Amino acid sequence: MSDLDLVKKVELVLTKKGFSNNISAKVCIILDESGSMQGLFQDGTVSRTVDRALAIGYKFDDDGEIDVWSFAGHGRFMRRAPATQEQYGSYLKHSMLGGSTVYHQVLSAVANDYFGPRTTSVTSKEPGFLGKLFGKKAETVTEVVDNDNTLPAFVAFITDGRPDNDREATDGVLKVLRENPKLFVQFIGIGSADYSTLKNIASLVPNAAFDTIEAKDSDDVVLDKFLNEKARKVLEQ
């Protein structure tokens, strides 16, 4: 199936669910690359899920690029090259960070990127003749400025299971979600693990939802799970 076919299906689901036609948002995919995900990378489950998330992203995204982050254990997360529409079906290459599963650190990094303060470096003017004579040099000063982003953000968080520490994950993720009400996170379970932590998180805040995707699910079923009422309310606020 082409990206155009999937995008058309997204449009039909958006209309059915009552989404506005002019939603503009930051769009991000967060991908679990812990060791247990290896089989799901190899059998194509991850790639199919990412393609569907990209199709949704193309309808919402404000700049034609979908941000992609990956994560594994403590301190092991990274921002990957953004995905574009031309890369549908070919963006994802087999890539594993390996290790355990820690949710909140990568989510905090994404939220800070979209809504946190910005730092800029400002270099002062060159010193005059006397200043140079006495060894004075231009100084670089780092300034913190407000983030000028006013758009909401839609995050597809793809994982195969339970985090290393349930309490740490719950507290950390809830803190990020409550501090960033314009951030909507759709947690997507693609394995058969225990998802009680994510289900609990999604039940406690208005800007997160959880659902599972099975290999037998059609595009229509998957898109219906991605695009729910909670997402609509956050993205249209």
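To be clear, the structure that these remarks concern was listed above.
Heads up: these notes are all about the structure in this document. Please read these numbers as outputs of a predicted model, since none were measured by experiment.

## What to know about helix H8 (residues 219-226)
Here is step 1 of the chain: By the burial criterion, the buried members of H8 are Asp 219, Val 222, Leu 223 and Phe 226. Summarising the axial view, the buried residues of H8 lie within an arc of 95°, below the 170-degree limit, and thus occupy one face.

## A few points about the packing of aromatic side chains
Here is step 1 of the chain: Across all of its chains, the model carries 9 aromatic pairs by this definition.
Here is step 2 of the chain: A centroid spacing of 5.9 Å and a plane angle of 25° characterise the contact between Phe 154 and Phe 184, whose relative ring orientation is stacked. Residue Phe 154 is found in strand S6 (residues 153-159), and its partner Phe 184 is found in strand S7 (residues 183-189); the two are separated by 30 residues along the sequence. Taken as a pair, Phe 154 and Phe 184 share a single burial class, namely buried.
Here is step 3 of the chain: Among the aromatic residues, ring-to-ring pairing joins Phe 19, Phe 60, Phe 154 and Phe 184 into one connected group.

## So, the sheet that holds strand S8 (residues 208-212)
Here is step 1 of the chain: The 6 strands are arranged S3-S2-S1-S6-S7-S8 in an open sheet whose pairing can be described as mixed. In this open sheet, the two edge strands, each paired with only one partner strand, are strand S3 (77-84) and S8. With direction set aside, neighbouring strand axes in the sheet form an average angle of 20°.
Here is step 2 of the chain: Relative to S8, S7 runs parallel, the two being bridged by 5 bridges. Directly across from Ile 188, in S8, lies its bridge partner Asp 211.
Here is step 3 of the chain: Contacting S6, S7 and S8, H8 crosses the sheet at an angle of about 140° to S7.

## Regarding the environment of Lys 225
Here is step 1 of the chain: In this structure, Lys 225 sits in helix H8.
Here is step 2 of the chain: Separated by 14 residues in the primary sequence, Lys 225 and Asp 211 place their C-alpha atoms 6.5 Å from one another.
Here is step 3 of the chain: Here Lys 225 is in contact with Gln 186, Asp 211, Thr 212, Ile 213 and Asp 217, once residues within four sequence places are set aside.

## Observations concerning the packing of helix H4 (residues 104-115) against helix H6 (residues 166-179)
Here is step 1 of the chain: Between H4 and H6, the least distance of the axes is 9 Å, while the angle of their chain directions is 10°. With respect to H6, the element H4 is oriented roughly parallel. For the pair H4 and H6, the contacting residues are His 104, Leu 107, Ser 108 and Ala 111 in the first and Glu 168, Ala 169, Gly 172, Val 173 and Val 176 in the second.
Here is step 2 of the chain: Of the residues in the contact of H4 with H6, the class split is 5 nonpolar, 3 polar and 1 charged.

## Considering the pattern of salt bridges
Close approach of charged atoms allows side chains of opposite charge to pair.
Here is step 1 of the chain: Scanning all chains against the criterion turns up 17 salt bridges.
Here is step 2 of the chain: The salt bridge involving Asp 224 is made with Lys 16; its shortest N-O contact spans 3.3 Å. Of this pair, Asp 224 sits in helix H8 while Lys 16 sits in helix H1 (residues 3-17); the two residues are 208 residues apart in sequence, bridging distant segments of the chain.
Here is step 3 of the chain: The exposed category is assigned to Lys 16, whose relative accessible area is 58%.
Here is step 4 of the chain: Taking the shortest distance from any N to any O, the salt bridge between Glu 179 and Lys 175 comes out at 2.9 Å.

## Re the side chain of Asp 67
Here is step 1 of the chain: Within the element layout of this structure, Asp 67 appears in strand S2 (residues 65-71).
Here is step 2 of the chain: A distance of 3.2 Å separates the side chain of Asp 67 from the side chain of Arg 79, its partner in a polar contact.
Here is step 3 of the chain: Beyond its immediate sequence surroundings of up to four residues, Asp 67 is in contact with Val 27, Cys 28, Ile 29, Arg 79 and Tyr 114.

## Quick word on the pairing of S7
Here is step 1 of the chain: Most of S7 sits inside the fold, with 7 of its 7 residues counted as buried.
Here is step 2 of the chain: Residues Leu 183, Val 185, Phe 187 and Gly 189 line one face of S7 and the alternating positions Phe 184, Gln 186 and Ile 188 line the opposite face, and both faces are buried.
Here is step 3 of the chain: In terms of strand pairing, S6 meets S7 through 7 bridges, oriented parallel. Directly across from Thr 159, in S7, lies its bridge partner Gly 189.
Here is step 4 of the chain: Taken together, S6, H6 and S7 form a β-α-β motif whose crossover is right-handed.
Here is step 5 of the chain: On the question of chirality, the crossover connecting S7 to the parallel S8 by way of helix H7 (residues 196-204) is right-handed.

Parameters and conventions
- Residues numbered from 1 in each chain as written.
- Predicted model: local features only at pLDDT ≥ 70, side-chain atom pairs only at ≥ 80, totals over all residues.
- Heavy atoms only, no water.
- Buried < 20%, exposed > 50% of the residue type's maximum accessible area, 1.4 Å probe, protein only.
- Helix = DSSP H or I, 4+ residues; strand = E, 2+ residues; numbered from the N terminus.
- Arc of directions from axis to C-beta.
- Phe/Tyr/Trp six-rings, centres within 6.5 Å; stacked < 30°, edge-to-face > 60°.
- Pairing = 2+ DSSP bridges.
- Axes fitted to C-alpha atoms, helices over the stretch in contact; angles between N-to-C directions.
- Contact = heavy atoms within 4.5 Å.
- Parallel < 35°, antiparallel > 145°, perpendicular 65-115°, else oblique.
- Nonpolar A, V, L, I, M, F, W, Y, C, P; charged D, E, K, R; others polar.
- Salt bridge = Lys/Arg side-chain N within 4 Å of Asp/Glu carboxyl O.
- Polar contact = N/O pair within 3.5 Å; in protein donor to acceptor, adjacent residues only side chain to side chain.
- Right-handed = clockwise from strand over helix to strand, strands pointing away.

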